[in-house]
Amino acid sequence: ASSCTTRAQRAAAWSRESQDDGPAAIAPATAAPARSALAMRAHDDPPSGHKARIHDSKPAVVRDRSLSTDSELSTRTLSNLSTVLDAGGSGAAVVFDVLHKTRDSLAATGVKEPPKHLVEELCCALDGLCAQDLQVSLEDTLWISAPTGIGYQDIYSGPEMTLCIFVLRKGAVLPLHDHPGMHVFGRLLFGRMRVRSYDPAPPVDGLRQAVLHSDMLIGPDPTTYSLGPQEGNVHELMALEDSAFFDILTPSYNPRTGRDCNYYRRQDSADPRHCVLVPVELHNFCMDTFDYMGPRFLRG
């Protein structure tokens, strides 16, 4: 999690310029420390007609997913998932097992799309994951005191992959940011969020360009999603209700290899689907870090 420092003027200016309707304050659940906040308004009605890599499903229920006949790994994952859930087991065990088998292959993919069978296997496993499997609940939002209204739980961090949980109070926003050369797979565990995503585009006159990929609501049913280096890689997330989501980032952020997390201010253009991404520094952006209480990822 990022630490908080006093950069209120820059944050306020960024917030004013990046939001159409102006900033909105986030009321702390408890007495919050005297730290400046970056707060933005979540809009309830995104435009229709945009598609995203969203894989809808109900909690802890194997969805009727259309799989290719030669996708043996995904078929086996569905079978294993059904067996585990029918026996009262945890969907987390299935997800972690898939990641133990595929994490090196996923991390080695780089900017290319992972093999289809790996994506299917992982998404099928995520479809069976619910908040209870990771011991996350709505009550966790009550412990958040950071003025941004965001909490973070680290499950596993390694060079090939990061597993984590974000907990957001209603009104909280993860500002516009990127995942350079990375793939992200995740699942909304509870709540409702607006997710606005952009595809990176070639720079023009040295300015980084982006094209709107999707602007849509997810939830309240648990939802599996994914993004890639070129598809929806830059996004912002706005909690319309108290929410939590599980993320898999592969490979992990690493500034030494050019995979730093970069934040942006959106500068609109004449075309409503295109924008310029103006880099910003969020020195005052912070979140609470909590101990992860769910099943361990590492074996032994």
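This text follows the structure it describes.
This is a predicted model, so every value here is computed, not measured.

Attention shifts here to the overall build of the protein. Regarding its fold elements, the protein presents four helices and 13 strands. Relative to its 300 residues, the protein shows a buried fraction of 52%. Carbon and sulfur atoms make up 52% of the accessible area of the protein, which amounts to about 13800 Å² in all.

The next point concerns the pattern of salt bridges. Side chains that differ in charge, positive against negative, can pair when their charged atoms come close. Applying the stated criterion across every chain, the model contains eleven salt bridges. As a salt-bridge pair, Glu160 and Arg103 come within 3.0 Å of each other at their nearest N and O atoms. Highlighted residues: Glu160 in the loop between strand S2 (150-158) and strand S3 (161-168) and Arg103 in helix H3 (residues 91-107), separated in sequence by 57 residues. Its salt-bridge partner being Asp215, residue Arg194 comes within 2.4 Å of it at the nearest N-O pair. One end of the pair, Arg194, is in strand S6 (residues 193-204); the other, Asp215, is in strand S7 (residues 207-218), with 21 residues separating them in the sequence.

Counted under the stated rule, the structure contains five aromatic pairs. Three or more aromatic residues joined by ring pairs make a cluster, and in this case those are Phe96, Tyr156 and Phe297.

The next point concerns the side chain of Asp199. Here Asp199 shows up in strand S6. Summary of buried charges: Asp199 has no salt-bridge partner, and the nearest side chain of opposite charge, Arg273, is 6.4 Å away. A distance of 3.1 Å separates the side chain of Asp199 from the side chain of His213, its partner in a polar contact. Here Gly232 takes part through its backbone nitrogen, which lies 2.6 Å from a polar atom of the side chain of Asp199. Setting aside residues up to four positions removed in sequence, Asp199 forms contacts with Gln209, Ala210, Val211, His213, Gln230, Glu231 and Gly232.

As a further point, take helix H4 (residues 116-126). Where burial is concerned, most of H4 is hidden: nine out of the eleven residues are buried. Among all positions in H4, only Leu118, Val119, Glu120, Glu121, Leu122, Cys123, Cys124, Ala125 and Leu126 are buried.

Burial runs high along strand S8 (residues 223-227): five of the five residues are buried. On S8, burial covers both faces: Thr223, Tyr225 and Leu227 on one face and Thr224 and Ser226 on the other are all buried.

Taking 1.5 Å as the rise per residue, H3 with 17 residues should run 24 Å; its terminal C-alpha atoms sit 22 Å apart, in good agreement. Lys101 marks where H3 bends most, by close to 50 degrees. Backbone nitrogen of Ala92 and a side-chain oxygen of the N-cap are separated by 3.0 Å at the start of H3; the cap is Ser90.

Cut-offs applied
- Throughout, residues of each chain are indexed from 1 in the direction in which the sequence is written.
- The predicted nature of this model means local features are confined to residues of pLDDT at least 70 and side-chain atom pairs, given and counted, to a pLDDT of 80 or more, with totals for whole chains, interfaces and linings taken over all residues.
- By convention in this description, side-chain values take in all heavy atoms of the structure and omit both hydrogens and water.
- Only DSSP runs of H or I with at least four residues qualify as helices, and only runs of E with at least two residues qualify as strands; both kinds are numbered from the N terminus onward.
- Under the scheme applied here, a residue whose accessible area is under 20% of the maximum for its type counts as buried, over 50% as exposed, and between as partly exposed, the area being computed with a 1.4 Å probe on protein chains only.
- Accessibility throughout is a Shrake-Rupley quantity obtained with a 1.4 Å probe, and a residue counts as covered only by protein chains that appear here.
- For salt bridges, the criterion is a side-chain nitrogen of Lys or Arg within 4 Å of an Asp or Glu carboxyl oxygen.
- Ring pairs are drawn from Phe, Tyr and Trp, using the six-membered ring of Trp, whenever the two centres fall within 6.5 Å, and their geometry is named by plane angle: stacked under 30 degrees, edge-to-face over 60, tilted for the rest.
- Think of it this way: Lys and Arg go in the positive column, Asp and Glu in the negative one, and His and the chain ends go nowhere.
- Pairs of N or O atoms are called polar contacts if they sit within 3.5 Å, as long as, within protein, a hydrogen donor faces a hydrogen acceptor (for residues adjacent in sequence, only side-chain-to-side-chain pairs).
- Two residues form a contact once any of their heavy atoms are found within 4.5 Å.
- To estimate the expected span of a helix, subtract one from its residue number and multiply by 1.5 Å.
- Here the bend at a residue is taken as the angle between two axes, fitted respectively to the seven residues that end there and the seven that start there.

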